[in-house]
Amino acid sequence: MRKGIAVSPGIAVGTAFCVNKIFIAPAAQPAGTVDIQAELAKYDAARRCAEEDLITLRDRAGDQLGASGAAIFDVHRSILSDTGFLNRVQDGIIEGRLSAQASLHRALDMYSDAFSKLDDRYLRERLTDIRDVVQRIEGHLADVHSALDDDMLSSNPVILVVDELLPSQVVGLGALKIRGIVTQSGSETSHAAIVARSLGIPAVSGVRDILDLVKTGDSLVIDGREGLVIIGPDGETQAAYLKLEREFFDFKDHLAENRDVPALTADGVEIELLANVNSVADAKAAVAMGATGVGLFRTEYLYLTHPTVPCEEEQVEEYVDVIQASPHHRVTIRSLDLGGDKTVPFLGRMHQESNPFMGWRSIRLCFEHPGFLNTQLRAVMRAAAVAEDLGGDVRLMFPMITTLEEICEVRKLVVDSENQLRSEGKRFARVPLGMMLEVPAAAISIESMLDLVDFVSIGSNDLVQYLMAADRDNPKVAHLCQPLAPPVLQVLKTVIRSCLDANKPVTLCGEMAGHTLAYAVLLGMGLRSFSMSPALVPYIKEFARHLSTQTAESILQHALTIRTTLGVRQYLSDELGKLVPDFERFKIT
Ligand code: PEP
Ligand code: MG
């Protein structure tokens, strides 16, 4: 058994299909045996075929994932036609007298060397894109197709075992019979994780030595809730997990049947279950899962997959696509939240910060690039006019708000953008403006900020990491970065109370919104609006039916007297276990 990171819930039992090796360097050829002109021509032909593939893939991705999902293939096309890249390969053939394939590998080695020395995660991730492009060209040079086109994949349900899932492979996944995914590298926020969740495929990431332990054809079990991979399970284990897998599907089907039923507590109080989305595909999943709107549209995805700053028209198109695909066309768009661990070179991030999460990120970074924010504000307000035509509505919120001055500055920038659009005669709609509550300083001064915003959305992922001084991405301090820690509960209670007293709509859009234990205490605090990964909506909807607001209040009262995180968790599990039939099945934490 191996433990990795649980990235997409569910159980899968099946046969492994391993895709590891893609890069075996070709055997060296003796000097002088290479026909330079022939190799150059071969490379050129392979490059053209790769270009055609990418155009096809981009169009397919556009249909499946929308403009943001398609943009990655334009990045790949730009790598393909990059003169630096081309020169390296050609030099290898002409001067190094290498075959096209060997020269391609030499170029990749050079890039790998250079990239491995970079601290910047965004740039390191771009190496994945270069590898993807190299693999594609190589496939044409050798006249073989991508391992993922293999017949086995299109006919038998398998568990895909890969080092990393390349962006181009991800797009094709929807059409293949993939039961589960295990990756050697990657995290909860990697491409593989995001897509697996929106396709509802159970997945486990970060299982370091999996490709040394498993070969194609081995039987495997993966548990995407616990992050477990069982290799070569014995008959009994396999049977037990097959039963769980069946139950998981039955349960999911049963839950999905409730998608048009309103979300109610046991005492009939309506709650709002919204979805967190990154793309059109997620917005469609939100509809399928019965969310009533989008509570967090993370717009960074568009920038992260885009070769340059997306222009206003591109942004309008993407936002309109997401609005059209979203439940009731209700979407809360979050302004750009780059920086920290999500950086893009076109922002001109010149130096490495020693504390990126506390540094120049998010709204702070946007203030230094007002033109950048201005483009986004204009695009959002123009897209909002389309939402109005569709009978929906758009709200806009700003991440990482720390001070009152920042809210004033944001409001001023919004008014400037409105004035511009008006004077240009462009159609737009004014949008409610909200703050994300993610910084302890803002939590303490929330009352003084409320009259300047139209709504509040609690970003508990960041709020918890800042309150507990524990990096949300660092497994070594994961025991501290806990949303059910007593001090976190105290702060959440105060913030929610302040919003309710001031009649300001309040939502919570961090991961804890989709965790059943946390849901219970948040309900007890008076929260009625929750935004989560689309796949979790049916779980919380069903869970909610068993818990009344009064019971949640009394559970909360007692939970607030407990002094340790473990104690809180234990108490909540015990209490909810008594109330909710089959509580174990709902345990997503
Ligand atoms: C959060 O911080 O809780 C949040 C929803 O934003 P993100 O996870 O994108 O930082
Ligand atoms: Mg955040």
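Throughout what follows, the structure given in this document is the object of discussion. (Residues numbered from 1 in each chain as written. Chains lettered and ligands numbered in written order. Predicted model: local features only at pLDDT ≥ 70, side-chain atom pairs only at ≥ 80, totals over all residues. Heavy atoms only, no water.)

### Observations regarding the packing of aromatic side chains
Turning to step 1, where the next piece is worked out: The full count for this structure, using the stated rule, is four aromatic pairs.
Turning to step 2, where the next piece is worked out: Between phenylalanine 85 and tyrosine 111 the ring centres are 5.9 Å apart and the planes differ by 40°, which places this aromatic pair in the tilted class. With phenylalanine 85 in helix H3 (residues 83–94) and tyrosine 111 in helix H4 (residues 100–116), this pair connects stretches of sequence that are 26 residues apart.
Turning to step 3, where the next piece is worked out: Exposure remark for phenylalanine 85: the relative accessible area of 1% places this residue in the buried category.
Turning to step 4, where the next piece is worked out: On the basis of relative accessible area, tyrosine 111 is assigned to the buried category, the value being 14%.
Turning to step 5, where the next piece is worked out: Between tyrosine 519 and phenylalanine 530, the aromatic rings sit 5.0 Å apart at their centres with planes inclined by 50°, giving tilted as the arrangement. Of this pair, tyrosine 519 sits in helix H21 (residues 516–524) while phenylalanine 530 sits in strand E16 (residues 529–532), placing them eleven residues apart in sequence. Exposure class is identical for tyrosine 519 and phenylalanine 530. Each is buried.
Turning to step 6, where the next piece is worked out: Aromatic ring contacts, followed pair by pair, group Tyr519, Phe530 and Phe543 into a single cluster.
Turning to step 7, where the next piece is worked out: Against the face of tyrosine 111 rests arginine 88, its NZ or CZ located 4.9 Å from the ring centre.
Turning to step 8, where the next piece is worked out: Taking NZ or CZ as reference, arginine 395 lies 3.7 Å from the ring centre of phenylalanine 455, over its face. (Phe/Tyr/Trp six-rings, centres within 6.5 Å; stacked < 30°, edge-to-face > 60°. Helix = DSSP H or I, 4+ residues; strand = E, 2+ residues; numbered from the N terminus. Buried < 20%, exposed > 50% of the residue type's maximum accessible area, 1.4 Å probe, protein only. Lys NZ or Arg CZ within 6 Å of the ring centre and 35° of its normal.)

### Observations regarding the coordination of the magnesium ion (ligand 2)
Turning to step 1, where the next piece is worked out: For the magnesium ion (ligand 2), the full set of protein donor atoms is Glu438 (OE) and Asp462 (OD), and the range of their distances to it is 2.1 Å. Of this pair, glutamate 438 sits in the loop between strand E13 (433–437) and helix H17 (440–444) while aspartate 462 sits in helix H19 (residues 460–467), placing them 24 residues apart in sequence. No difference in accessibility class separates glutamate 438 from aspartate 462, as the two residues are buried. (Donors = N, O, S within 2.8 Å, 3.2 Å for Na, K, Ca; no water.)

### Structural notes on the sheet that holds strand E4 (residues 158–162)
Turning to step 1, where the next piece is worked out: Strands sit in the order E1-E8-E7-E3-E4-E5-E6-E2 across an open sheet of eight strands; the sheet is mixed. Since the sheet does not close on itself, it has two edges, and those belong to strand E1 (2–3) and strand E2 (5–8), each with one partner.
Turning to step 2, where the next piece is worked out: With five bridges joining them, E4 and strand E5 (residues 178–183) adopt parallel strand pairing. Opposite isoleucine 159, over in E5, you have glycine 180 as the bridge partner.
Turning to step 3, where the next piece is worked out: The strands touched by helix H10 (residues 235–256) are strand E3 (11–19), E5, strand E7 (219–223) and strand E8 (228–231); relative to E3, the strand with the most contacts, the crossing angle is about 110°. (Pairing = 2+ DSSP bridges. Contact = heavy atoms within 4.5 Å. Axes fitted to C-alpha atoms, helices over the stretch in contact; angles between N-to-C directions.)

### Structural notes on the packing of H3 against H4
Turning to step 1, where the next piece is worked out: Between H3 and H4, the least distance of the axes is 8 Å, while the angle of their chain directions is 130°. The pairing of H3 with H4 is recorded here as oblique in orientation. Along this stretch, H3 crosses H4, giving a crossing that reads as right-handed. Residues Gly84, Phe85, Arg88, Val89, Asp91, Gly92 and Ile93 of H3 pack against Ala100, Ser103, Leu104, Arg106, Ala107, Met110 and Tyr111 of H4.
Turning to step 2, where the next piece is worked out: Classifying every residue of the contact of H3 with H4 gives eight nonpolar, three polar and three charged. (Parallel < 35°, antiparallel > 145°, perpendicular 65-115°, else oblique. Left-handed = near helix turned anticlockwise from the far one by under 90°. Nonpolar A, V, L, I, M, F, W, Y, C, P; charged D, E, K, R; others polar.)

### Overview of the site of ligand 1
Turning to step 1, where the next piece is worked out: Taken together, 13 residues lie near ligand 1, and Arg298, Arg334, Glu438, Asn461 and Arg472 sit nearest.
Turning to step 2, where the next piece is worked out: One of the side-chain nitrogen or oxygen atoms of arginine 334 is found 2.9 Å away from an oxygen atom of ligand 1.
Turning to step 3, where the next piece is worked out: Between ligand 1 and the protein, one listed contact pairs an oxygen atom with a backbone N or O atom of glycine 459 at 3.4 Å.
Turning to step 4, where the next piece is worked out: Mapped by element, the contributors of at least two residues to the shell around ligand 1 are strand E10 (294–298) and H19.
Turning to step 5, where the next piece is worked out: Among the elements that line the shell around ligand 1, the one with the most residues is H19, at three residues.
Turning to step 6, where the next piece is worked out: Looking at the shell around ligand 1 residue by residue, the classes come out as three nonpolar, four polar and six charged. (Near = heavy atom within 4 Å. Polar contact = N/O pair within 3.5 Å; in protein donor to acceptor, adjacent residues only side chain to side chain.)

### Side note on the nonpolar core
Turning to step 1, where the next piece is worked out: The biggest cluster of nonpolar side chains holds 111 residues, and the ones touching the most others in it are Met435, Leu437, Val456 and Ile458.
Turning to step 2, where the next piece is worked out: For this core, the element with the highest residue contribution is helix H15 (residues 370–389), accounting for ten residues.
Turning to step 3, where the next piece is worked out: Excluding residues within four positions of it along the chain, leucine 437 makes contact with Ala442, Ala443, Ile446, Val456, Ser457, Ile458, Gly459, Leu463 and Val495.
Turning to step 4, where the next piece is worked out: Ala100, Tyr111, Phe115 and Val133 belong to the second largest nonpolar core, which has 30 residues in total. (Core = buried A, V, L, I, M, F, W, Y, C linked by side-chain atoms within 4.5 Å.)

### Overview of unusual backbone geometry
Turning to step 1, where the next piece is worked out: Of note in the backbone geometry, serine 362 takes a positive phi value of approximately 60° without being a glycine.
Turning to step 2, where the next piece is worked out: Looking at where serine 362 falls in the secondary structure, it is placed in helix H14 (residues 362–368).

### Details of helix H11 (residues 280–289)
Turning to step 1, where the next piece is worked out: Listed in full, the buried residues belonging to H11 are Val280, Ala281, Asp282, Ala283, Ala285 and Ala286.
Turning to step 2, where the next piece is worked out: Trailing H11 by a residue or two, glycine 290 shows a phi angle of about 90°, which is positive.

### Details of the pairing of strand E14 (residues 455–458)
Turning to step 1, where the next piece is worked out: Neither face of E14 is exposed, since Phe455 and Ser457 on one face and Val456 and Ile458 on the opposite face are all buried.
Turning to step 2, where the next piece is worked out: In this structure, E13 lies alongside E14, joined through four bridges in parallel fashion. The residue bridging leucine 437 from the neighbouring strand is isoleucine 458, located in E14.
Turning to step 3, where the next piece is worked out: Judged from the three bridges that link them, E14 and strand E15 (residues 506–508) form a sheet pairing that is parallel.

### Examining H15
Turning to step 1, where the next piece is worked out: Here H15 is 20 residues long and its end C-alpha atoms lie 29 Å apart, about the 28 Å a rise of 1.5 Å per residue gives.
Turning to step 2, where the next piece is worked out: Within two residues after H15, glycine 391 carries a phi angle of roughly 80°, on the positive side. (Expected span 1.5 Å × (residues − 1).)

### Some remarks on the pattern of salt bridges
Turning to step 1, where the next piece is worked out: Under the counting rule described, the total for this entry stands at 30 salt bridges.
Turning to step 2, where the next piece is worked out: Between glutamate 312 and arginine 382 there is a salt bridge, and its shortest N-O distance comes to 2.7 Å. One end of the pair, glutamate 312, is in helix H13 (residues 312–325); the other, arginine 382, is in helix H15, and 70 residues separate them in sequence. This pair shows no difference in class: glutamate 312 is buried, exactly as arginine 382 is. (Salt bridge = Lys/Arg side-chain N within 4 Å of Asp/Glu carboxyl O.)

Without other data, these values stay purely geometric and don't point to any function.
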